[in-house]
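For reference, the chains in residue letters:
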Amino acid sequence: MTEKYLNGKVIVTVGDITEQEVDAIVNAANSTLLGGGGVDGAIHSKGGRQIYDECKQIRETAYPKGLPTGKAVITSGGNLKARHVIHTVGPVYGMNGGRDAELLADSYYNSLKIAVENSLKTISFPSISTGAFHFPKHEAAVTASLTIKDFLENDASLSEIRLVFFSQSDAEKFSKHQNF
Ligand code: AR6
């Protein structure tokens, strides 16, 4: 299944985020930036040592206490097909005093912003926070789509935003609840 929104700039598809041939893929990381399971584990294991070393460098310099929820940083793509990885930390659902949607929106917004700041044109997102961090998929669909739509209304420099779901049913759930 592949669906397009916002004049074809947004593509919803099923696949593996680590296989995307785009300027940047987004990593659903945790604040340590030093790896984990899910998308994070797959990116670090396929991307190799270079990504890990750059993340470690970021921890030693810009974020010694860890990357706060909703923020994003960029590294190279190591051995991946994507040239860069944008690491963001989504909210752990239910742990943010009612600010879950706001923080998820920050993750999407700040990832898009850092892509534009680096003159990137194509970016692929996984469904941030909807795995280990338990964000309900239907709610995440509303927040992700509204944030992307808002960003594109104010910035025309990105040519493609690809939303990559791990299963057909996740992609269908997104399509049903999106608000583009
Ligand atoms: N490609 C596309 N989507 C995937 C892939 C993949 N290879 N693998 C999983 N998904 P998660 P989170 C989907 O848990 O909820 C890690 O340990 C998955 O089905 O990767 O933000 C980090 O280190 C789900 O819908 O990210 C953090 O500690 C979505 O991607 C924590 O998990 C996100 O699942 C972050 O949790």
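Every value quoted in this text rests on a predicted model; they were computed, and no experiment measured them. (Residues numbered from 1 in each chain as written. Predicted model: local features only at pLDDT ≥ 70, side-chain atom pairs only at ≥ 80, totals over all residues. Heavy atoms only, no water.)

Here we come to the pairing of strand 4 (residues 72–76). Where burial is concerned, most of strand 4 is hidden: four out of the five residues are buried. Bridge analysis of strand 4 against strand 5 (residues 84–89) gives five bridges, and the strand direction is antiparallel. The residue bridging Ala 72 from the neighbouring strand is Thr 88, located in strand 5. (Buried < 20%, exposed > 50% of the residue type's maximum accessible area, 1.4 Å probe, protein only. Helix = DSSP H or I, 4+ residues; strand = E, 2+ residues; numbered from the N terminus. Pairing = 2+ DSSP bridges.)

A few words on the sheet that holds strand 5. A sheet is described by the order of its strands in space; here seven strands give the open sequence 1-2-7-6-3-5-4, paired in mixed fashion. The open sheet terminates on both sides in strands that have one partner only, identified here as strand 1 (2–5) and strand 4. Across the sheet, the mean angle separating the axes of adjacent strands is 25 degrees when strand polarity is ignored. (Axes fitted to C-alpha atoms, helices over the stretch in contact; angles between N-to-C directions.)

Turning our eyes to something else, we now look at the nonpolar core. By size, the foremost hydrophobic cluster in this structure holds 30 residues, and its most contacted members are Phe 125, Ile 148, Ile 161 and Leu 163. In terms of residue count, the dominant contributor to this core is helix 4 (residues 137–154) (six residues). Ignoring sequence-local partners within four residues, the contact set of Ile 161 consists of Lys 9, Val 10, Ile 11, Leu 112, Ile 123, Phe 125, Ile 148 and Leu 152. Membership of the second largest hydrophobic core comes to 16 residues, among which are Ile 25, Leu 67, Val 73 and Val 164. (Core = buried A, V, L, I, M, F, W, Y, C linked by side-chain atoms within 4.5 Å. Contact = heavy atoms within 4.5 Å.)

What the rule picks out here adds up to ten salt bridges. Measuring nitrogen to oxygen at the nearest pair gives 3.5 Å for the salt bridge that ties Lys 46 to Asp 16. Remark: Asp 16 occurs in the loop between strand 2 (10–14) and strand 3 (24–29) and Lys 46 occurs in helix 1 (residues 38–47); sequence separation between them is 30 residues. Judged by its relative accessible area of 27%, Asp 16 falls in the partly exposed class. The closest approach of N and O atoms between Lys 113 and Glu 117, which form a salt bridge, is 3.4 Å. On the criterion of helical spacing, the pair formed by Lys 113 and Glu 117 is a turn pair, its members being four residues apart in helix 3 (residues 100–117). On the basis of relative accessibility, which here comes to 53%, the residue Glu 117 falls in the exposed class. (Salt bridge = Lys/Arg side-chain N within 4 Å of Asp/Glu carboxyl O.)

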